[in-house]
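These are the residues of each chain, in order.
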Amino acid sequence: MAPGQCLHDPGQAATVGLPPGMEDPDQAEQFIPAGLASLGIEADETDLAVINAAHKMFWPSILDLLALDLGELRPERDPDLSRAPKPE
């Protein structure tokens with residue numbers, strides 16, 4: 001692949017490389033039940049409503065955590081997870 005070339009250009013039809021991003025948010029209604037079924041889990045409407053509510057509640061905070069730049073933090077040596085981190 002040439003420098004500066006990406007696998008997927010959203011402005012062009014994808015024939016090779018990555019598929020275009022999800023454009024229809026209702027696709028979750030198709031792949032979540034199918035994904036659960038592939039694991040042997042049958043989800044009814046109540047289960048899917050709870051999954052949707054949990055997603056709406058937690059996903060914004062998860063995105064905030066993923067966006068944090070933690071590169072400047074030094075890892076704690078020999079962490080004891082039963083106690084608060086030791087001040088340095």
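You'll find the structure just up there.
Rules of the game
- Residues numbered from 1 in each chain as written.
- Predicted model: local features only at pLDDT ≥ 70, side-chain atom pairs only at ≥ 80, totals over all residues.
- Heavy atoms only, no water.
- Helix = DSSP H or I, 4+ residues; strand = E, 2+ residues; numbered from the N terminus.
- Polar contact = N/O pair within 3.5 Å; in protein donor to acceptor, adjacent residues only side chain to side chain.
- Salt bridge = Lys/Arg side-chain N within 4 Å of Asp/Glu carboxyl O.
- Buried < 20%, exposed > 50% of the residue type's maximum accessible area, 1.4 Å probe, protein only.

Novice: I tried to follow the environment of D80 on my own but got confused; where do I start?
Specialist: Checked against the element boundaries, D80 lands in the segment after α2 (45–67). Side-chain polar atoms of D80 contact the side chain of S82, separated by 2.7 Å.

Novice: Explain the pattern of salt bridges to me, please; I cannot follow it from the model alone.
Specialist: Oppositely charged side chains are able to pair whenever their charged atoms sit close together. Summed over the entire model, instances satisfying the criterion amount to 1 salt bridge. R83 is paired through a salt bridge with D80; the nearest N and O atoms lie 3.3 Å apart. Residue classification places R83 among the exposed positions, given a relative accessible area of 63%.

Novice: I tried to follow the environment of D44 on my own but got confused; where do I start?
Specialist: When you line up the elements, D44 lands in the loop between α1 (28–38) and α2. With 11 residues separating them along the chain, D44 and P33 place their C-alpha atoms 8.7 Å apart. Separated by 2.8 Å, the side chain of D44 and the backbone nitrogen of D47 make a polar contact.

Geometric descriptors of this kind do not, in isolation, establish any biological role.
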